[in-house]
Amino acid sequence: MKKLFTLVAAALFATNMSAQRVSIIENGELDLEGSFASFFIKECGINDNNPAPANEIAAMDGAQSAILEGEGPDGANCIKVYSPVKEKEAWDTQFWIVFDEALFSPTQVSVSFDYKASEAGLKTDIQAHDQPGNYHHWQVFQGTPQWDTEWQTFEEDFEVSGSMAGQPGMLSIAFNLTQDLDHPVEYYFANFVVKAKIVILSDPEWINVLANGKCENDYEACVYPATVTDGALDVHSMTANGTGLDSGIADGAFYVESKPDAVNAWDSQFWMVAPRALEAGNRVKFAFDYRADAEASVTTQAHALPGTYNHYDIGIGTLSFTTEWQTKSAEVTLSADQAKADNGGFQSVAFNLNEDKTLQTKFYFDNMQLFFDDSDDGYATSDDEDWAAEVEKDWATGVKSVKTQKAQKAIYNLAGQQVDKNYKGIVIENGQKRINK
């Protein structure tokens, strides 16, 4: 099997992986000589809408939030967050614990810290953000800290969900500290410990699983182009010689034509389809070239099989098509929303070509690649025509019935070379590795 990329990354297909809980914050003991990049504060009236590290806001004119030396439990240092009287929302004043790296579903996280407030009986919402201030989800913990005037310890484990992670992942925990009271409140935090169960993989093998991604042959395995006309599926796509990136006489590209009277952005769509579904936590890589006959914006989504919607964002974002070829690449750790289990997981990237519902133009795609690590299961690369021909058997002319397909008649060694049945060693047959004796 052909090895296309070798990266040190977390890919959950692999067998040579391990997992361990590691700290994802720094200076949890609040050493005054250390960094405070893991602790951000927004104090209402001081740095509104501009969260800052705790040591920076402590130095701002008029700020009453501060780092207090020796005033935490057993003489530890602590952070005081001052919350003035409510002006608008519970998030007028906020405090964040910021991670060293973004986390994705389904990462396991454990959190503990000491805390108290200037009065008892208070309640606070605790949210998932990426960068401080970029809201993702309304709840992180199942339990909620019960504020008291005496120091106590909060401890809880949680799993990062797809809603918490979003894109580009969950990077911080936000405490909404403003109370609906006629007087200010002071909150105190100390002794932070935050650890995550990180999957560590050495030297994974990334494999491109799109057949005919270069669009050099007539078959259309692993792509699915279609438009909807009067409620019926109507394919407007072909391999067009001379339209590809290299513009050679044999260089092709797939195109899909958008409709000028569209009702929805997804009335014209194009899909890149993997040979099998992937689960939340799996890492995938995308790469493709694209252009159009007119300037246009195109949104991208995560689907199971084409047309089975999972999530509005697959990590590619909105594409700005022009008449010139451009290249796009992205690497994504699939969230629970992107790889929705009830729909069978993630299997295709959808391109919505009718964002401008009045525009009729052709959208071209070439050199399409979809990678995932193949250390465990055997899957053919894009230049394996035997495998692609097997996929093609399940694709009818016109509107295609997409099916998961990984059958291979041929036998391959681990270098991707086709071998006969007398070959001795580890071989790949029918998508599975086995020892041929």
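Each remark here, short or long, concerns the structure printed above.
Keep in mind that this is a model prediction, so the values were computed, not measured.

Visitor: So what's going on with unusual backbone geometry? Residues and values would help.
Guide: Despite not being glycine, asparagine 49 shows a phi value in the positive range, around 60°. Looking at the element boundaries, asparagine 49 is found in the loop between strand E3 (39-42) and strand E4 (52-53). The backbone phi angle of aspartate 74 is positive, close to 55°, even though this residue is not glycine. Along the chain, the position of aspartate 74 falls in the loop between strand E5 (66-68) and strand E6 (78-83). Of the residues examined, aspartate 74 reaches a relative accessible area of 86% and is grouped as exposed.

Visitor: Outline the pattern of salt bridges, listing residues and values.
Guide: Inspection of the entire model under this criterion finds two salt bridges. Notably, a salt bridge pairs glutamate 186 with lysine 80, separated by 3.9 Å at the nearest N-O pair. Here the residue glutamate 186 occupies a position in strand E13 (residues 185-201), and lysine 80 occupies one in strand E6, the gap between them amounting to 106 residues. Residue classification places glutamate 186 among the partly exposed positions, given a relative accessible area of 23%. In this structure, aspartate 293 and arginine 291 form a salt bridge, with 3.4 Å as the shortest nitrogen-oxygen distance. Residue arginine 291 is classed as buried on the basis of its relative accessible area, which comes to 14%.

Visitor: Explain the environment of isoleucine 97 to me, using residue names and the numbers behind them.
Guide: Here isoleucine 97 lies in strand E7 (residues 94-103). Residues isoleucine 97 and histidine 129 lie 32 residues apart in sequence; the distance between their C-alpha atoms is 9.9 Å. Once residues within four sequence positions are removed from consideration, isoleucine 97 is found in contact with Ile25, Ser38, Phe113, Leu171, Ser172, Ile173, Phe175, Phe192 and Val194.

Visitor: A description of the pairing of strand E20 (residues 296-303) should follow, citing residues and the corresponding values.
Guide: When you tally the buried positions in E20, you get six out of eight residues, the bulk of the element. Of the strand pairs in this sheet, E20 and strand E24 (residues 346-352) are connected by five bridges, and their pairing is antiparallel. Looking at E24, one finds that glutamine 301 is bridged to alanine 350. Strand direction decides the pairing type here: E20 and strand E21 (residues 309-311), joined by two bridges, are antiparallel. Paired with histidine 303 across the two strands is tyrosine 309, which belongs to E21.

Cut-offs and rules
- Residues numbered from 1 in each chain as written.
- Predicted model: local features only at pLDDT ≥ 70, side-chain atom pairs only at ≥ 80, totals over all residues.
- Heavy atoms only, no water.
- Helix = DSSP H or I, 4+ residues; strand = E, 2+ residues; numbered from the N terminus.
- Buried < 20%, exposed > 50% of the residue type's maximum accessible area, 1.4 Å probe, protein only.
- Salt bridge = Lys/Arg side-chain N within 4 Å of Asp/Glu carboxyl O.
- Contact = heavy atoms within 4.5 Å.
- Pairing = 2+ DSSP bridges.

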